[in-house]
Every structure is written in structure tokens, then in C-alpha cells.
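Geometric and topological summary
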Amino acid sequence: YSNNLYEKFSFGIQARDIILQLQASLKDSDSNVRKNAALALGHIISANLYHDPYEFFNLGVKSEDIFSALSAVLEDPEKGVRISAANALEKISRSTARYPQDSIGAAITTTIPALRAAALKDSEKEVSISAFKALGQIGKKNQQVVLLLNEVLKEPKKELRIGAIEAIGEIGIK
């Protein structure tokens, strides 16, 4: 079994084209298409960053554009789409946590404002939990997130404080 993008998509379609089509599908009028596109992007990108990040970089896909598109989907009117986007960003952030100096490590930080909003304001608990988990992964290499989570510890809502505590646990403050 190989996680190589070119081996997985060896039927004449380049992986770059598939990723770009999935990204475009995040704007589809059908919520099931948006939901599944977010999930697929999360799986494909996180798996390939984990196994061979430089292969992903060499595809010529702008990670900032993908993260921007996934961040926008965190505001989708359909809760299933928001959950999928939050889960995708959580998966990707786990894979990028070990690459803070690479472009992907810097690019994932562009999702902080959208993840913060999802963690603090989304009515769906699963969206909030995934957003906090993603922030916890990003916070391993980003002081801005640590400061944000420290502020959330002062929130009156218990659920938000618990989310911040779990994210801080992911970070492992030293």
C-alpha cells in the first residue's frame, strides 16, 4: 500500500487536478458535495503531508488557497459541512504541526481566525471541538494560539473552557 499521490491517482489524472477540483467543490450548491470535498481534502492532504510533505509541495498547489477555502466553509449554513471542514483542518493541522518552518506550517496559521470563530461561536459542539483540536495542533509552534487559548480559559461558558484546556493539553505547554 502506498500513499504516493501519483500512484493513487494513476489513471491519467494528475493529483494536482484532483485537489484543485475538490477545492472548487467546496463552493458547490449541494451541501453533500461540499461536505465530502472537505473530508476528501482533509484525508488526502494530511496523509500525504504525513508520509511525504515534499511531494505535496512539488504538486504546485497553493496550500494557502486550500486553507482559505476550508476556512470559509467553516461558516457554511449546513452543520454537516462545517463539521467536515473543521475535521479536515484538524487532520491537516496534525500533519503540519511537525513542519513549522516550511511553507505549509506557516500557511496553516492563516486558519487561526476562522478556527477561533468556529471554536467560540459555532452552535454545533462537534465543530467547536474539532476547531479547538486544530488550534491545539497549530499552537504547538505558534505563540499566538497559546495566548488565545489562555484568554478562552477566562470565558464564562464551561464548554469553551474545556475546549481550551484540551487544546492546551495537545500543545503540551513547557
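Residues numbered from 1 in each chain as written. Predicted model: local features only at pLDDT ≥ 70, side-chain atom pairs only at ≥ 80, totals over all residues. Heavy atoms only, no water.

In terms of regular secondary structure, the protein chain is built from 11 helices and zero strands. Starting at the N terminus and walking to the C terminus, you meet the elements of the protein chain as α-α-α-α-α-α-α-α-α-α-α. Buried positions account for 49% of the 174 residues belonging to the protein chain. A separation of at least 24 residues holds for 62% of the contacts in the protein chain among residues at least 6 apart in sequence. In the form shown here, the protein chain has an accessible surface area of approximately 9,000 Å², with 50% of it arising from carbon and sulfur atoms. (Helix = DSSP H or I, 4+ residues; strand = E, 2+ residues; numbered from the N terminus. Buried < 20%, exposed > 50% of the residue type's maximum accessible area, 1.4 Å probe, protein only. Contact = heavy atoms within 4.5 Å. Areas by Shrake-Rupley, 256 points an atom, 1.4 Å probe, with all protein chains shown as cover.)

So, about the side chain of Ser 84. Turning to its location among the elements, Ser 84 is positioned in helix H6 (residues 79-96). Overall, Ser 84 belongs to the buried group, its relative accessible area being 4%. If we skip the residues at most four places from it in the chain, Ser 84 touches Lys 35, Ala 38 and Leu 39.

Our focus in this paragraph is the nonpolar core. Leu 26, Leu 70, Leu 74, Leu 115 and Phe 132 are the most contacted members of the largest nonpolar core, which totals 49 residues. When contributions to this core are tallied by element, the ones reaching two or more residues are helix H2 (15-25), helix H3 (31-51), helix H5 (63-73), H6, helix H8 (112-121), helix H9 (125-138), helix H10 (143-152) and helix H11 (158-171). In terms of residue count, the dominant contributor to this core is H6 (seven residues). Apart from residues lying up to four places away in sequence, Leu 74 is in contact with Arg 82, Ala 85, Ala 86, Leu 89, Ala 114, Leu 115, Ala 118 and Asp 122. (Core = buried A, V, L, I, M, F, W, Y, C linked by side-chain atoms within 4.5 Å.)

With that settled, the discussion passes to the confidence of the model for the protein chain. Segments scoring low in pLDDT should not have their predicted coordinates read at a detailed level. Looking at the protein chain as a whole, its pLDDT mean stands at 84, while 83% of the residues score no less than 70. Least confident of the elements in the protein chain is helix H1 (residues 5-8), whose mean pLDDT is 50; most confident is H8, at 94. (pLDDT = per-residue confidence, 0-100.)

On the secondary structure map, Val 145 appears in helix H10. Its relative accessible area of 0% is what places Val 145 among the buried residues. Measuring from C-alpha to C-alpha, the distance between Val 145 and Thr 109 comes to 9.1 Å, with 36 residues separating the pair along the chain. Leave out the neighbours within four places in its chain, and Val 145 touches Ile 112, Leu 135, Ile 138 and Gly 139.

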